[in-house]
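Geometric and topological summary
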Amino acid sequence: MNRKLIAAATAAVTAAGLTIAVALTTSATAANTADPAVLAAMARDLGISSEQARERLDAEKVAGETDAALKSRLGSAYAGSWLDSTGHTLTVAVTDPALASAVRSRGAVATTAKHSASALDSAKIKLDAKAATAPDAVPGWYVDVRTNKIVVLAHAGGEAQAKAWTAEAGLHGDIVAFEASTENPEPLIDIVGGNAYGLPGGGRCSIGFAVEGGFVTAGHCGATGGRTSNPGGTIQGSSFPGNDYAWVRTDAGNTPRALVNRYPGTVPVAGSQEAPVGASVCRSGSTTGWRCGTIQQKNASVTYPEGTITGLTRTNACAEPGDSGGSWLTGDQAQGVTSGGSGNCQTGGTIYFQPLAEILQAYNLRLVTSAGPTTTTQPTGTTTTTPPGGGGSWAPYTNYGDGAQVTYGGASYRIIQPHTSVPGWEPPNTPALWQRL
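Sequence order as written defines the numbering, with residues in each chain counted from 1. With the structure being a predicted model, the display of local features is reserved for residues of pLDDT at least 70 and the display and counting of side-chain atom pairs for 80 or more, all residues being used for whole-chain, interface and lining totals. Think of the side-chain values as coming from all heavy atoms in the structure, minus any hydrogens and water.

1. Things to note about the side chain of Ser206
Quick reminder of the rule: Secondary structure counts use DSSP, requiring at least four H or I residues in a row for a helix and at least two E residues in a row for a strand, with both numbered from the N terminus. Exposure classes here rest on a 1.4 Å probe applied to the protein chains alone. A residue is buried below 20% of its type maximum, exposed above 50%, and partly exposed in between. Residues adjacent in sequence count toward polar contacts only when both atoms are side-chain atoms; beyond that, a polar contact is any pair of N or O atoms within 3.5 Å, and within protein one must be able to donate a hydrogen and the other to accept it.
Of note, Ser206 is situated in strand S11 (residues 204-206). Exposure remark for Ser206: the relative accessible area of 0% places this residue in the buried category. Reaching out from Ser206, the side chain makes a polar contact with the backbone oxygen of Gly325 at a distance of 3.5 Å.

Have a look at this one:
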């Protein structure tokens, strides 16, 4: 498949560092297989034409591949990446100006930043560790790669409380910023997104994505051991709060398909390439149908009444009660399952999804795709709530203690929070929290 990146011949110097203006363009790629209805929904919700939606999907596919390659190449100097509002220009931040040329060589914009992605994620871990003491005025916090800061949300009149709590967690200086917010996030329970299924004890949630043997969904939809209906199955693992994911092993006779309900019709699931910040994303839900927006931030933490969820992706795609657990896709690439949020589809809102890669890794699942079942490895990053599965010194089904260090794929990881066990499950089935060093 022929792909290329074209760098525009425009250069500028910014106060943050070197910046080279560049546009990501491609020959026909991902959009050739895009469902026309997907393009129409993107056009409707993003305010663009169907042809622009097609071009955006092509550029975003290349951007995802470029970002993954640069993240590996830059190592500890990588400070995050994002797409512009058109989805065509990828910016990659580095802490070492000498590496800007490596970014430009891949057709992306290079800019310098003070804090690396690893430093930002390490700072956010401090807030996550203090989640239980977060004031009611703080509905959430997240890593914002565009501003190179940890952003703490605060309700009106609550900024002083937010600042005091942040200081107690050990965050000071320009790595943290405070933002006024009206968000009141809550999990979307008793609801349907994608195809509906019945919850233990009554109520409904939605299927996220088909995996070999069953499907993944939101953790707040049911506890481990519970029985589902239509399709019938048993919840094999569930994590909520802390995470918001679960997987259901369905009974014999139910057939997983690489499809997502588009209301009406379906769209295929071809893979699970992670999309960058700024990419378009669409989600399926039985209450509000097929809705699209863009990825605003990753590695966000949200405090629901039940507790804090970490590692979520923050979006401006709307959702309402009835959409929980549903599927999120960029083009035909699976991204995650609906967790919760605030707002509605009349006035807009902020909705969070649980990234899919973590779910697959946590339970060693294989996503069912149009090309056949595939595994998804943990994306390169600085923090993960599952072990960095694969080769190297890390070994599956091993109970690593607090502070243990392993290597995988040439990178080193340190355990921040060890595995824990649930009675009847061995080896430990609750994921650990790892930090890339």
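2. Considerations on the state of the cysteines
Basically, it comes down to this: Note that a disulfide, as used here, is simply two cysteine sulfur atoms within 2.5 Å.
Evaluation of the coordinates by the stated rule reveals three disulfides. The disulfide that involves Cys205 links it to Cys221, with 2.0 Å between the sulfurs. One disulfide, between Cys205 and Cys221, carries an S-S torsion of -80 degrees and so falls in the left-handed class. In this pair, Cys205 is assigned in strand S11 and Cys221 in the loop between strand S13 (214-217) and strand S14 (227-228), connecting sequence segments 16 residues apart. Taken as a pair, Cys205 and Cys221 share a single burial class, namely buried.

3. Some remarks on the nonpolar core
One broad trend across soluble globular proteins is that nonpolar side chains are buried collectively. As a reminder of what qualifies: Residues grouped as a nonpolar core are buried Ala, Val, Leu, Ile, Met, Phe, Trp, Tyr and Cys residues, joined through side-chain atoms within 4.5 Å.
In terms of nonpolar packing, the biggest core is built from 48 residues, with Leu74, Val92, Val103, Leu127, Trp141 and Val152 touching the most fellow members. Ala34, Leu57, Cys292 and Tyr363 belong to the second largest nonpolar core, which has 31 residues in total.

4. Looking at unusual backbone geometry
A cis amide bond links Phe240 to the next residue, Pro241, at an omega of -5 degrees. The topology assignment puts Pro241 in the loop between strand S15 (233-239) and strand S16 (245-250). The residue after Tyr263, namely Pro264, is reached through a cis peptide bond having omega 0 degrees. Relative to the helices and strands, Pro264 is located in the loop between strand S17 (259-261) and strand S18 (266-268).

5. A few points about the packing of helix H1 (residues 36-46) against helix H2 (residues 50-74)
Where we set the bar: Here an angle of 0 to 180 degrees is reported between the N-to-C directions of two axes, which are lines fitted to C-alpha atoms, with helices fitted over the stretch in contact. For this classification, under 35 degrees means roughly parallel, over 145 means roughly antiparallel, 65 to 115 means roughly perpendicular, and everything else is oblique. The contact definition used throughout considers only heavy atoms, calling two residues in contact when any of these lie within 4.5 Å. Here the nonpolar group is Ala, Val, Leu, Ile, Met, Phe, Trp, Tyr, Cys and Pro; Asp, Glu, Lys and Arg are the charged ones; every other residue, Gly included, is treated as polar.
Close contact between H1 and H2 brings their axes to 8 Å; oriented N to C, the two are set at 105 degrees. Judged on the interaxial angle alone, H2 and H1 are roughly perpendicular. Here Leu39, Ala40, Met42, Ala43 and Leu46 of H1 lie close against H2, whose contacting residues are Ser50, Ala53, Arg54, Arg56 and Leu57. Here the residues of the contact of H1 with H2 are counted per class, giving seven nonpolar, one polar and two charged.

6. Points about the confidence of the model for the chain
Note the threshold: For every residue, the predictor reports its confidence as pLDDT, a number between 0 and 100.
For the chain, the average pLDDT comes to 82, and 76% of its residues sit at 70 or higher. In this model residues 189-193 is a low-confidence stretch, pLDDT under 50, and it forms 33 contacts with partners more than four residues away in sequence or in other chains. Within the model, pLDDT remains below 50 along residues 376-392, and this stretch shows 58 contacts once partners closer than five positions in the same chain are excluded.

7. Quick notes on the sheet that holds strand S12 (residues 209-211)
Where we set the bar: Strand pairing requires that DSSP identify at least two bridges connecting the strands.
Ordered by their spatial adjacency, five strands build an open sheet running S12-S13-S16-S15-S14, and the pairing between neighbours is antiparallel. Of all strands in the sheet, those with a lone pairing partner are S12 and S14, marking the two edges. Taken together, the four bridges between S13 and S16 define a ladder with antiparallel strand orientation. Bridged to Thr217 within S16 is Ala246. Relative to S16, helix H6 (residues 356-363) is tilted by about 55 degrees, and along the sheet it contacts S12, S13, S15 and S16.

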